[in-house]
Amino acid sequence: MLLLVWLVIGIGLRLSNLSGKSPWTDEFSTLVFSLGNSFLGVPLDKAITIDTLLQPLQPNSAAGIGDVLKHLLNESNHPPLYFTLTHLWLKLFPTSEGLVSVWGARLLAAIFGGLSIPAIFGLSWLTFRSRLISHFAAAMMAVSPFGIFLAQEARHYTLAILWAIASLACLVITLRHIKNRTQLPVSIALAWVIINALGIATHYFFALTLCAEVFVLIFMIWREWKDKEVIVKGRTFNLINSPWKRIYAVAFGTFVAGVVWLPIFINNSYGNELTDWIQGERVGFAWISPIFQAMAAWITMISLLPVEAPQLAVVIASGLVMLMFFIWFTPIFIRAYKVQLSSPQTQLMTQALSSLILGAIILFFIFTYFLGIDLTRGARYNFVYFPAVIVLLGAILAAIWDTKNQEKLKWGITGKQAVAIILLMGFISSITVICNLGYQKYYRPDIFVKLIEKTSTSPVLIATTQKTHVQIGEMMGVALEFKIQKSNSQPKFLLAHLEADRKASTITLQNTLKTLTRPIDLWLVNFHAPAEVNNCIADDRSLPSVNGYEYELFHCR
């Protein structure tokens, strides 16, 4: 019954305000490809209407799973499992003004996020054989602001988390067989390979979870090697006896399941362009920014107050409260962690989880500093070790709660009170995410559309430079918002394809303006080419900034 309480709370939070936030460009990728549609049909280099721009969001009864695979693998850099499931799922939901249901698409991710609550309970029980630890892990998963953030986006991360939980469960079983020097059952080995294959087919970065698991196995080799003089069942430790042979078979099967995607990933012509945002040279502050970005992501697994609220006073107050919370929480956390690390019943699994988390973090920084791919810029990528963090947090909260350690903690608070405060902080933080005051959407077309309607009295042309479907998604957000707000304005959009010679986009803009009746208000949005417009006057008013949309306004008379 208590697990049911965590499940109800977690699902309730994930469903709250599910469609209240505007979708952003990555979610448009999910919607378009899952429908079996393509971005390539959107006209470039000429003015188009809202309906033309949003045409890829119209369900196509003739499109099947084959179309999903074809367009996704040709135009994106993600494996197809989640998109295929979403394709089937979206058939259950009616359209809204002829367009796909954003709420329906997000609901699938929210359901997977809700399922992670009983799943993490099961993993925690398997790991520590403690109902107390399992309940605290489930409670933390239910209210974690990071978990809520991932579950309220029409993306594949919550499904990948479920595969990570299942893979970690197989790892835990394997660790016990290594400790006891017994053979790993064929059923577990086969299930592990299948789970890993499905994980890679959901997100390529799931491979980082598998690499982190290798860190744990290396740790076990080192641990067992230290105890090599201890004879168990008449045998000493070596890497040939049970259960290592089947572990090698699992590794080989997983390797094959991953390699099959390599040709597709390499041959994808859009791959590098779609990952430009996490690549770049390191100059000045950029050398240390990944450290702060990583720390911010770790903190938000537990706590996130309204640090992105529009009121500066709220932002400052939220930051101060979070700082005080972690000053209070950190020594308690360290003390409880040491308790679990020293206990014979929990030592092995605490060390294993710590090795996995540390291994994943090391991999993130290797990619960031040595391979030039800054994974810390995308907080969502921390899904690869998020379940391990939650299980370890459950163990730490159980140690804090333990009635044997009820002496006053920091600031005169008992262990039970400390756990209640931590869970309450998580709950408040989840409300912050739901209200878009933390983990705020990268793009705010709702604000931008209101600004356009308030500012422009003439017909509007919104122009941007286009390189990949990311920029199309940016404009789709604006166009969809005009629909949602039932605006009387009917702006036109220009997607000027960006070539190596950026002047070509400028010429496209100039030629397009010649075909339109004046007066017209020209909004250059994320326009990465020279803004040379004929007979148009720049608006000199101080207009507010909008997340995701850098703009200039020109009045063409």
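Just above, that's the structure.
Residues numbered from 1 in each chain as written. Predicted model: local features only at pLDDT ≥ 70, side-chain atom pairs only at ≥ 80, totals over all residues. Heavy atoms only, no water.

1. Observations concerning the state of the cysteines
As used in these notes, a disulfide is a covalent bond between sulfur atoms, one from each of two cysteines. Cut-off, in case you're wondering: What counts as a disulfide here is a pair of cysteine sulfur atoms lying within 2.5 Å. Segments assigned H or I by DSSP are reported as helices when at least four residues long, segments assigned E as strands when at least two residues long, and all are numbered from the N terminus. Burial here depends on accessible area, computed with a 1.4 Å probe over protein chains only, as a share of the maximum for the residue type. Under 20% is buried, over 50% is exposed, and the range in between is partly exposed.
Tallied over the entire structure, the rule returns one disulfide. Residue pairing for Cys-536: its cysteine sulfur links by disulfide to Cys-556, the two sulfurs lying 2.0 Å apart. Here the disulfide of Cys-536 and Cys-556 is right-handed, its torsion about the S-S bond being about 110°. Taken together, the residues span a long stretch of sequence, with Cys-536 in strand E5 (residues 536-538) and Cys-556 in strand E6 (residues 551-556) at a distance of 20 residues. Residue classification places Cys-536 among the buried residues on the basis of a relative accessible area of 14%. Left unpaired, Cys-170 is separated from the closest cysteine sulfur, that of Cys-211, by 17 Å.

2. Focus: the sheet that holds strand E1 (residues 47-48)
Applied cut-off: Paired strands, in this sense, are two strands between which DSSP finds at least two bridges. When checking whether two residues touch, look at their non-hydrogen atoms; a contact exists if any pair is within 4.5 Å. To define axes, lines are fitted to C-alpha atoms, for helices over the stretch in contact only, and angles between the resulting N-to-C directions are given on a 0 to 180 degree scale.
The strand order E1-E3-E2-E4-E6-E5 describes an open sheet built from six strands, whose pairing is mixed. The outermost strands of the open sheet, each flanked by one partner alone, are E1 and E5. Where E5 lies against E6, three bridges are found, and the strand directions are antiparallel. When the bridges of E6 are listed, Ala-538 appears paired with Phe-554. This element, helix H21 (residues 469-484), spans strand E2 (460-466), strand E3 (492-497) and strand E4 (520-525) of the sheet and lies at about 160° to E2.

3. Concerning the packing of helix H9 (residues 157-180) against helix H17 (residues 347-369)
Which entries qualify depends on this criterion: Here the angle decides the label: under 35 degrees means roughly parallel, over 145 means roughly antiparallel, 65 to 115 means roughly perpendicular, and every other value means oblique. Each helix crossing is assigned a hand: it is left-handed if the near helix lies turned anticlockwise from the far helix by less than a right angle, otherwise right-handed if that turn is clockwise. In this classification, Asp, Glu, Lys and Arg are treated as charged, Ala, Val, Leu, Ile, Met, Phe, Trp, Tyr, Cys and Pro as nonpolar, and every other residue, Gly included, as polar.
Orientation of H9 relative to H17, taken along the N-to-C sense of each, is 130°, at an axis distance of 12 Å. Considered as vectors, H9 and H17 are oriented oblique to each other. Here H9 runs over H17; the crossing is right-handed. On the side of H9, the interface is formed by Leu-168, Leu-171, Val-172, Leu-175, Arg-176 and Lys-179, while H17 contributes Leu-348, Met-349, Ala-352 and Leu-356. A class-by-class count of the residues in the contact of H9 with H17 yields eight nonpolar, no polar and two charged.

4. Considerations on the pattern of salt bridges
The condition that has to hold: A side-chain nitrogen of Lys or Arg and a carboxyl oxygen of Asp or Glu constitute a salt bridge if their distance falls within 4 Å.
Applying the stated criterion across every chain, the model contains 10 salt bridges. A salt bridge links Arg-155 to Asp-26; its shortest N-O distance comes to 3.9 Å. Of the two residues, Arg-155 is situated in the loop between helix H8 (145-151) and H9 and Asp-26 in helix H2 (residues 25-34); the sequence distance between them amounts to 129 residues. No difference in accessibility class separates Arg-155 from Asp-26, as the two residues are buried. Two residues, Lys-486 and Glu-97, come together in a salt bridge whose shortest N-O distance is 3.3 Å. Highlighted residues: Lys-486 in the loop between H21 and E3 and Glu-97 in the loop between helix H5 (81-90) and helix H6 (102-128), separated in sequence by 389 residues.

5. A look at the packing of aromatic side chains
What counts, and what does not: Each Phe, Tyr or Trp ring (for Trp, its six-membered ring) is paired with any other whose centre lies within 6.5 Å, and the angle between the two planes then decides the class: stacked below 30 degrees, edge-to-face above 60, tilted in between. The rule for a charge over a ring is simple: NZ of Lys or CZ of Arg within 6 Å of the ring centre, and within 35 degrees of the ring normal.
Applying the stated criterion across every chain, the model contains 29 aromatic pairs. Judged by centre distance (4.1 Å) and plane angle (5°), the rings of Phe-149 and Tyr-439 are stacked. On the criterion of sequence distance, the pair formed by Phe-149 in helix H8 and Tyr-439 in the loop between helix H19 (415-434) and helix H20 (445-455) is long-range, its members being 290 residues apart. For Phe-149, a relative accessible area of 4% gives the class buried. Since its relative accessible area comes to 16%, Tyr-439 is described here as buried. These aromatic residues form a ring-pair network of at least three members: Trp-24, Tyr-442, Tyr-443, Phe-448, Trp-523, Tyr-549 and Tyr-551. Residue placement shows Arg-380 over the ring face of Tyr-381; its charged tip is 5.2 Å from the ring centre. Positioned over the ring face of Trp-401 is Lys-416, at 5.0 Å from the centre of the ring.

6. Description of H2
With 10 of its 10 residues buried, H2 lies for the most part within the structure. Taken residue by residue, H2 has Thr-25, Asp-26, Glu-27, Phe-28, Ser-29, Thr-30, Leu-31, Val-32, Phe-33 and Ser-34 as its buried positions. Buried positions along H2 lie against helix H4 (65-75), H5, H6 and H21. Directly after H2, the chain includes Gly-36, whose backbone phi takes a positive value near 80°.

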